[in-house]
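Coordinate inspection notes
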Amino acid sequence: MKAKRLVINITYRLIHFRKEAITIPLVACTLLLMIGFQQVVWGQQPENQSNFAPVLLNGYKLSGTFGELRSNHFHSGIDLKTGESTGLPVLAAAAGYVSRVKISANGYGKAIYITHGNNVTTVYAHLSDFSSPVLKDTILKSQKTKKSFETELFFDENFLQINEGQIIGWSGNTGSSEGPHLHFETRHTGSELPFDPVIKGYHWSDTIAPAIRSIAIYYPGPSGGIQGASRFEMVADTLAQQQTLPGTIAVYKDFFMGIEVDDKAGMEPNLLGIKNIRMYLNDSLYFRVDIDSFAFDQTRMINSFIDYTAFYNNKRRIILLHVLPGNELPFYESKSGIISPKAGEQYQIKIEATDCQGLTSALMCILEKANDISNTRQLIGTRIPWQTGKRFIGSSFKVEVPPLSLMEDSWLQTGETVTDYLFYLSPVIELESTDPVAFRTNYTLSVHPSVTDSLLQPKLVLARIDTAGDLSFAGGKWENGWVVAKLKNTGNLVVVADTVAPVTGELEAAPATSYTGEQIFLLSIPVKPDFSGIERVNCEIDGNWVAAELYVNDPVIRIDYNVPSTGATHLLKVQLSDRCSNVSERQFSFTW
């Protein structure tokens, strides 16, 4: 496949907020990016291909790959480093039109969606700003109408056409981003399924094959999966690309395998994802994994893709070479990785792990059936069938586990304990299990508190109690005599009251220049969220609503006041609301 080259020989003026203007020469920056876009359906690779230009002007260093294993989700794109700074120009990968923008306090922050031909849409997320004045004006009108910084807009091809290589915005650190970078996605336009840009040719420098850390043998639990399973591990040599474990490993009964493996692209410290896994039994392909695409509503199934017990207890991600019954991920050709050994026979196992650039590491071992000396683990509690769910009722609580919300049959023990803590407004609800329960969707916990004050009842929420006795917000709201919460984790929970409003710090204000050269006044106010967090921000200047940015990982309100300076004194009113309707209000004056 022949790729296009984009040669850039310009001097680009980058101007950052609260910094003096700086000039950065970008001389003869030749960047090559080959992304083949495809229409993705289950079990198939897309047929259509397109060549796409670079999306950043500073080259490509990756901090994340498609399908990489994250906490409770798969990564749906690639993360491109921006040198730990914001404000780098972001370019359109190909010609198309702006079909969607979304601004949110969490998630992707500021994101723009461009629809191209061949049923492909590209997504650019965590931006600090958009470049198009028409787009920005349209967004602001929507925000003012809703009186909300968060907004989402959809457009047809007549709204805003985009050329290949056109600056569409500037890189940032918005939403749930944990550091400046550009998140870039390719999606099938019709279904919005994200797919791996690597499939048809996106390449970067990579000389390091995956590092296999360990392999594991699992004897399934009562339901044939991880719940109640016994795990035996063999440590591998992470520096060896090809290795054979010494000796013969005894196996006692039906089992399946797991592999702990990660990857690096080069000298960068970031651990990246694996693209393919192959397991061979006596030289025949027995089980395979291909991480090419998935649906967003399947992403939490990562907790059935890995050994959730190992992740929950030790933050280790052991990939299972077996499919749990509630796992609907489209990564597999066969569902079962169970091997049934026979007495007197040896089995050669070879496991290969391949990264996004085609580099492969392999581990071999010899297994032999022996007399069964393994112990059966006992599970506490009541069995919950994954297909039907179950309901638990106590004297002051109800638990509703819906059908198909689990990855496999799981066991849960419920209880309640009355304490004398004054700020505990219900018994402590104990939801315990021998092995942690992996939920695909929420279960519902309803707790009846010992509160009769109608003014206090709307302030009630559920708190999670950790092993040190510290409390953290778990969710919930008052509904007809109960505090009801949608949860995805078990543990010890109790009803508490949040009666304290969020707090604002002092105003910082200074002239600044936007990325497009506009003179503005930048207002910044640090905030201190209370127990239940900040649900809504409302800011007015001289009685007029203004858009105020506040992101979950950056507790600072920012307002770009782009009204020309007249030397007048203005009044800023900031109102913060938490999830329990506690409201704080503060006024500031500034001259501009």
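See above for the structure.
What comes next is a walk through the structure. Just so you know, these numbers come straight off a predicted model, no measurement behind them.

This next bit is on the sheet that holds strand β26 (residues 382–384). Strand pairing within a sheet occurs via backbone hydrogen bonds; the two strands may be parallel or antiparallel. Reading across from one edge, β26-β29-β30-β36-β32-β33 is the order of the six strands in this open sheet, with antiparallel pairing throughout. Looking at strand neighbours, the two that pair on one side only are β26 and β33 (471–475), the edges of this open sheet. In this sheet, neighbouring strand axes are inclined to one another by 35° on average, regardless of whether the strands run parallel or antiparallel. Two strands pair when backbone bridges link them, and strand β32 (residues 460–465) and β33 are joined in this way by four bridges, in the antiparallel orientation. Paired with Leu-462 across the bridge in β33 is Gly-475.

Right, let's get into helix α1 (residues 133–146). Under the 1.5 Å per step criterion, the end-to-end length of α1 is 20 Å for 14 residues, consistent within 8% with the ideal 20 Å. Residues of α1 that are buried include every one of Leu-135, Ile-139, Ser-142 and Gln-143, and no others. The buried side chains of α1 occupy one side of the element, clustering within an arc of 100° when seen end-on. The exposed set on the far side of α1, more than 90 degrees from its buried face, consists of Pro-133, Lys-141 and Thr-145. Taken together, the buried residues of α1 touch β8 (96–103), β9 (110–115), β11 (129–130), β12 (151–154) and β41 (544–546).

Turning our eyes to something else, we now look at the layout of surface pockets. Taken as a whole, the largest pocket encloses approximately 1100 Å³ of empty space. Taken together, 34 residues make up the lining of the largest pocket; nearest its centre are Arg-70, His-73, Gly-107, His-126 and Ser-176. Of all the secondary-structure elements, those providing two or more residues to the lining of the largest pocket are β5 (73–74), β6 (78–81), β8 and β15 (181–188). Of the residues forming the lining of the largest pocket, the biggest block, three residues, is contributed by β15. Looking at the lining of the largest pocket residue by residue, the class counts come to six nonpolar, 18 polar and 10 charged. Forming the walls of the second largest pocket are 28 residues, and the residues nearest its centre are Lys-136, Leu-140, Gln-143, Asp-560 and Asn-562. Mapped onto the lining of the second largest pocket, the elements with two or more residues apiece are β11, α1, β41 and β43 (554–561). Considering each element in turn, the lining of the second largest pocket owes the most residues, seven residues, to α1.

Let us now look at the sheet that holds strand β35 (residues 482–487). Read from one edge of the open sheet, five strands run β27-β28-β31-β35-β34, paired in antiparallel fashion. The open sheet terminates on both sides in strands that have one partner only, identified here as β27 (390–393) and β34 (477–479). Recorded for the sheet is a direction-independent mean angle of 20° between the axes of neighbouring strands. Relative to β35, strand β31 (residues 443–447) runs antiparallel, the two sharing five bridges. Across the sheet, the residue bridging to Tyr-443 is Leu-487, located in β35.

Scoring rules and cut-offs
- Residues numbered from 1 in each chain as written.
- Predicted model: local features only at pLDDT ≥ 70, side-chain atom pairs only at ≥ 80, totals over all residues.
- Heavy atoms only, no water.
- Pairing = 2+ DSSP bridges.
- Helix = DSSP H or I, 4+ residues; strand = E, 2+ residues; numbered from the N terminus.
- Axes fitted to C-alpha atoms, helices over the stretch in contact; angles between N-to-C directions.
- Expected span 1.5 Å × (residues − 1).
- Buried < 20%, exposed > 50% of the residue type's maximum accessible area, 1.4 Å probe, protein only.
- Arc of directions from axis to C-beta.
- Contact = heavy atoms within 4.5 Å.
- 1 Å grid on protein atoms, 1.4 Å probe; cavity = no way out; pocket = protein on both sides within 12 Å on 5 of 7 lines; lining within 4 Å.
- Points joined across faces, edges and corners; volume = space filled by probe spheres on them.
- Nonpolar A, V, L, I, M, F, W, Y, C, P; charged D, E, K, R; others polar.

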